[in-house]
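Coordinates in review
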Amino acid sequence: VKNSKLTRAEKGRRRAFTLDELKIISSKCPDDFWRFMLLAGFYTGQRMGDLISLTHGAVDLQEGVLRLVQGKTGRAVQVPLRPALRDMLASLRAEAGKVKPSDFIWPEQAERHQQQGSGGFSNEFYNILTAAGLVSSRPRLAKAKAGGPRTVSAVSFHSLRHTFVTLIKATGGSQAVAKELAGHHSDAISDLYTHTSPALLASAIDALPEL
């Protein structure tokens, strides 16, 4: 069996957000769309494009489950909905009125994503991070040099995926559970998304018995 190879993006030095950082980011979200994206990214660990293009049919409010096929990998995932996210999705469904399963929850944003990709949305989220004081201001996601690799910030929307995997494991979820929820196909990639905080490491040492 060959070892799984990590993509350039997966090798980037991303990190997870802290809860304090997420509270600040939430306070800087300019509208309901970005408040949804932050909450959905945190509670489901799904990629930006999949959340932008989420359809009403992917949300089972009765069972409280999100079901989708990931655009990048084609992997089907099923994520139970936390009450806060479920309530937000129920409110959006009520506001939308009569909808078909194939209708986008965020039609305008989904159409823009189909036409232009995730770049513009990544820039918008970067601006939110700038307002939160987590990154320095810059006009756009730039390349280090013409034809060179793209400069990768330590935090971005994808950091929510790192945060999700990290917290699933930190709160007792197994490797298998974290992989299933996030849609990761290997332990190596799941480990890459796992970041153990100094406080958690200290807690583990404090729990050791006295000799």
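Our subject is the structure that appears above.
Rules behind the numbers
- Residues numbered from 1 in each chain as written.
- Predicted model: local features only at pLDDT ≥ 70, side-chain atom pairs only at ≥ 80, totals over all residues.
- Heavy atoms only, no water.
- Helix = DSSP H or I, 4+ residues; strand = E, 2+ residues; numbered from the N terminus.
- Buried < 20%, exposed > 50% of the residue type's maximum accessible area, 1.4 Å probe, protein only.
- Areas by Shrake-Rupley, 256 points an atom, 1.4 Å probe, with all protein chains shown as cover.
- Phe/Tyr/Trp six-rings, centres within 6.5 Å; stacked < 30°, edge-to-face > 60°.
- Pairing = 2+ DSSP bridges.
- Polar contact = N/O pair within 3.5 Å; in protein donor to acceptor, adjacent residues only side chain to side chain.
- Contact = heavy atoms within 4.5 Å.
- Core = buried A, V, L, I, M, F, W, Y, C linked by side-chain atoms within 4.5 Å.

**Regarding the overall build of the protein chain**
The helix and strand tally for the protein chain stands at 11 helices and 3 strands. In sequence order, the secondary structure elements of the protein chain are arranged as α-α-α-α-β-β-β-α-α-α-α-α-α-α. A burial count over the protein chain gives 38% of its 211 residues as buried. Carbon together with sulfur atoms contributes 54% to the accessible area of the protein chain, which is approximately 12300 Å² in total.

**A short note on the packing of aromatic side chains**
Following the criterion strictly, the structure yields 8 aromatic pairs and no others. Ring geometry for Phe 33 against Trp 106: centres 5.4 Å apart, planes inclined by 80 degrees, an arrangement best described as edge-to-face. Here Trp 106 lies in the loop between helix 5 (83–96) and helix 6 (107–116) and Phe 33 lies in helix 3 (residues 32–44), a separation of 73 residues in the sequence. By relative accessible area, Phe 33 is classed as buried at 4%. Given the relative accessible area of 11%, Trp 106 is considered buried. Look at Trp 34 and Phe 157: their rings are 6.4 Å apart centre to centre, the planes differ by 65 degrees, and that puts the pair in the edge-to-face class. In this pair, Trp 34 is assigned in helix 3 and Phe 157 in the loop between helix 7 (119–131) and helix 8 (159–170), connecting sequence segments 123 residues apart.

**Observations concerning the sheet that holds strand 3 (residues 76–80)**
Pairing between the strands of a sheet comes from backbone hydrogen bonds, and it takes one of two forms, parallel or antiparallel. Strand order in this open sheet of 3 strands is 1-2-3, and the pairing throughout is antiparallel. Where the open sheet ends on each side, the last strands, each with one partner, are strand 1 (59–60) and strand 3. Note that strand 1 and strand 2 (residues 65–69) share 2 bridges and pair antiparallel. Within strand 2, the position partnered with Val 59 by the bridge is Leu 66.

**A short note on the side chain of His 184**
Relative to the assigned elements, His 184 resides in the loop between helix 9 (175–182) and helix 10 (187–192). Within the structure, His 184 has its side chain in polar contact with the side chain of Arg 161 (distance 3.3 Å). Among residues more than four places away in sequence, those in contact with His 184 are Arg 75, Arg 161, Val 165, Lys 179, Ile 189, Ser 190 and Tyr 193.

**Notes on the nonpolar core**
Of all hydrophobic cores here, the largest spans 36 residues; its most connected members are Ile 25, Trp 34, Phe 36 and Met 37. Residue assignment for this core shows that the elements contributing at least two residues are helix 2 (19–28), helix 3, helix 4 (48–52), strand 2, helix 5 and helix 7. In terms of residues, this core owes the most to one element, helix 3, which gives 7 residues. Once you skip the residues sitting within four places of it in the chain, Ile 25 turns out to touch Phe 17, Leu 38, Phe 125, Ile 128, Leu 129, Ala 132 and Leu 134.

**With respect to the pairing of strand 2**
Counted along the chain from strand 1 to the antiparallel partner strand 2, the turn is 4 residues long, and its residue Gly 64 has a positive phi close to 70 degrees. Between the end of strand 2 and the start of strand 3, which pair antiparallel, lie 6 residues, with Gly 74 showing a positive phi angle near 75 degrees.

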